[in-house]
Amino acid sequence: MVVKEKMGNIQCVKCRECGKEYEPQFRYICEDCFGPLDVKYTFHSNIKKDVFNLREKTYWRYFELLPIADKNNIVSLNAGLTPLQEADRLGKKLGFQNLFIKNDSMNPTFSFKDRPAGVAVSRAKETKLKAVGCASTGNLASATAAHAAKAELPCYIFAPSDIEHVKIAQALAYDAEFVAVDGTYDDANRVASIIGDSKGIGIVNINMRPYYVEGSKTLAFEIVEQLNWKVPDSLIIPVGSGAMLNAICKGFEELHELGLIDSIANLRIIAAQPHGCAPIVEAFRNGSDQVIPVERPKTIAKSLAIGDPGDGSYVLKRLKQYDGIAEEATDEEIIKGILSLARTEGVFTEPAGGVTIAVLQKLMEEGKIDKDETVVCYITGNGLKSTEAIMNTLPKINAVKPDIRLVSALIS
Ligand SMILES: *Cc1c(COP(=O)(O)O)cnc(C)c1O
Ligand SMILES: [Zn+2]
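Heads up: these notes are all about the structure in this document. Note that this is a predicted model, so its numbers are computed, not measured.

1. Quick word on the pairing of strand E13 (residues 374–379)
Here's step 1: Of all 6 residues making up E13, 5 are buried, and the element is well covered by its neighbours.
Here's step 2: With 6 bridges joining them, strand E5 (residues 98–103) and E13 adopt parallel strand pairing. Looking across to E13, one finds that Lys102 is bridged to Tyr378.
Here's step 3: Pairing geometry for strand E10 (residues 234–238) and E13, over 3 bridges, is parallel. Looking across to E13, one finds that Ile236 is bridged to Cys377.

2. Some words on the site of ligand 1
Here's step 1: Among the 15 residues in the neighbourhood of ligand 1, the closest are listed as Lys113, Asn139, Ser241, Gly242 and Thr380.
Here's step 2: Separating an oxygen atom of ligand 1 from a backbone N or O atom of Ala243 is a distance of 3.4 Å.
Here's step 3: Between ligand 1 and Met244, the relevant distance is 2.9 Å, taken from an oxygen atom to a main-chain nitrogen or oxygen of the residue.
Here's step 4: Partitioned by chemical class, the residues of the shell around ligand 1 number 6 nonpolar, 7 polar and 2 charged.

3. A look at the coordination of the zinc ion (ligand 2)
Here's step 1: Looking at the zinc ion (ligand 2), the protein donor atoms are Cys15 (SG), Cys18 (SG), Cys30 (SG) and Cys33 (SG), and they sit 2.3 to 2.4 Å from it.
Here's step 2: Classification of the site at the zinc ion (ligand 2) rests on its 4 donor atoms, whose angles at the metal span 95 to 118°, yielding the label tetrahedral.
Here's step 3: Written as a sequence motif, the donor arrangement for the zinc ion (ligand 2) is C-x2-C-x11-C-x2-C.
Here's step 4: A residue is classified by how much of its surface remains accessible, and Cys30, at 1% relative accessible area, is buried.

What counts, and where the lines are drawn
- Residues numbered from 1 in each chain as written.
- Chains lettered and ligands numbered in written order.
- Predicted model: local features only at pLDDT ≥ 70, side-chain atom pairs only at ≥ 80, totals over all residues.
- Heavy atoms only, no water.
- Buried < 20%, exposed > 50% of the residue type's maximum accessible area, 1.4 Å probe, protein only.
- Helix = DSSP H or I, 4+ residues; strand = E, 2+ residues; numbered from the N terminus.
- Pairing = 2+ DSSP bridges.
- Near = heavy atom within 4 Å.
- Polar contact = N/O pair within 3.5 Å; in protein donor to acceptor, adjacent residues only side chain to side chain.
- Nonpolar A, V, L, I, M, F, W, Y, C, P; charged D, E, K, R; others polar.
- Donors = N, O, S within 2.8 Å, 3.2 Å for Na, K, Ca; no water.
- Tetrahedral: all angles 85-135°; square planar, octahedral: opposite > 155°, others 65-115°.

Here it is, written out as structure tokens:
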């Protein structure tokens, strides 16, 4: 017998392709058409703007809009409600008047992945799974492992072996089992998918994906609340699998459905990818709605090195729907973007954030964004996680004897 789960506000999970609805059980693909499933809610009309800011300073303040029925199942490391910083110095440099940085490098494991991982691990607790895991380009590994530690669940990571060492160290510190796959992210993903299903492991971004993606909606909720419930004009979002971009759109749509924001008709979504792995930008330029996978991604933005993006075709749909643009940045432009953000705003990001800033600059130069638009750039990961990406471009430091004359001669 299937025990009916406590559902909270969850109405069902619904196929994104054919619309078939399912009870929210351990299922992530439509049995009719193999489409992905999304969580649908029955919202109660008593959700009002002013309740949120009285609550905890984490993304769990939006509890009613997240797919957990019982608050006792929340596994929280206090992620979320990261700063939305007015980037006036970077804005002045590039020619913007209303530029904002959503600084998600300040999360507990130093990337936005604490949002989807925290929701998925909470869901794993709620449905009494015995183990969790993920396929990762680096950041999801530590986010899942940290939440699993807090939830007292074993955690299995599948990641390409060439990711940044510090990201491996971080996951191991949280005591995850780390499987370093000698191949691409897509290889690691395939392995994780099969092992997850055969061993009954909740792979947060594969067999728990309908719940996982919900966490990233809070990236929409927070900036709207931080902008006093105003909808910005343009969002620049770094894209790997495309799950975050899709979730941010879903977040705006739910706020609109709830009557918490007026119109989202003028919202524009901009997808940013690294040149060495930009299958979505490629499809966008060709006017195609099919994404052709990149077999061998080659970029310093390792967290975006997903050659076959799971949500790629849906990102293209979103771009159509929201007057969108897809643009790419080379490694050199990414590094410039990282340094430019660090040297104007004091925010040190990993290459994914460098992609966002590089694309911002490019679109300004091409006249595709106006100077007076309210623009929000998502800075999704911390620079300390990938120092090797910029080390070679920084000045070499040599040791000097503690002799005042020698040191004095160094200071111009
Ligand atoms: C995973 C990741 C992304 C991309 O998210 P997707 O949902 O895969 O598109 C962006 N930035 C950082 C830092 C990431 O770790
Ligand atoms: Zn279907």
